[in-house]
Amino acid sequence: MDEKLKIKISIADRVYPLTVDFSQEEGLRSASKKIDKMIKQFEENYAVRDKQDVLAMCALQFASQTEQKQIDNAIDGEATIERIKKINSILDQYLDK
């Protein structure tokens, strides 16, 4: 049975009530803390007039990190496949002898 949990998450001085799976709570709380930390950094480092601008910059930052990880994983996956092909080739040569 999936346990549902009612929690309140605070982002940019606003509280959002959510109903989530028990297994999601820790991740959501951690994410909201990271967002608030990033908001604070943007507000301290840039002349920001509007919370919406800060939230947009946070969204862009998180999205670009996710995209970069996917790109890095794809590149790493391709390198792994090439190494496996080389190993298979060496094994084939060895077994054919």
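Residues numbered from 1 in each chain as written. Predicted model: local features only at pLDDT ≥ 70, side-chain atom pairs only at ≥ 80, totals over all residues. Heavy atoms only, no water.

As annotated in an unreviewed UniProt entry, the protein chain carries the name Cell division protein ZapA and comes from Flavobacterium rhamnosiphilum.

In this section: the packing of helix α1 (residues 25-45) against helix α2 (residues 51-96). Put simply, α1 and α2 touch, their axes get as near as 9 Å, and they point 120° apart. Considered as vectors, α1 and α2 are oriented oblique to each other. With respect to the hand of their crossing, α1 and α2 are arranged in right-handed fashion. Here Lys34, Ile35, Met38, Ile39, Phe42 and Glu43 of α1 come into contact with α2, specifically with Lys51, Val54, Leu55, Met57, Cys58, Gln61, Phe62 and Gln65. A breakdown of the residues in the contact of α1 with α2 according to their chemical character gives 9 nonpolar, 2 polar and 3 charged. (Axes fitted to C-alpha atoms, helices over the stretch in contact; angles between N-to-C directions. Helix = DSSP H or I, 4+ residues; strand = E, 2+ residues; numbered from the N terminus. Parallel < 35°, antiparallel > 145°, perpendicular 65-115°, else oblique. Left-handed = near helix turned anticlockwise from the far one by under 90°. Contact = heavy atoms within 4.5 Å. Nonpolar A, V, L, I, M, F, W, Y, C, P; charged D, E, K, R; others polar.)

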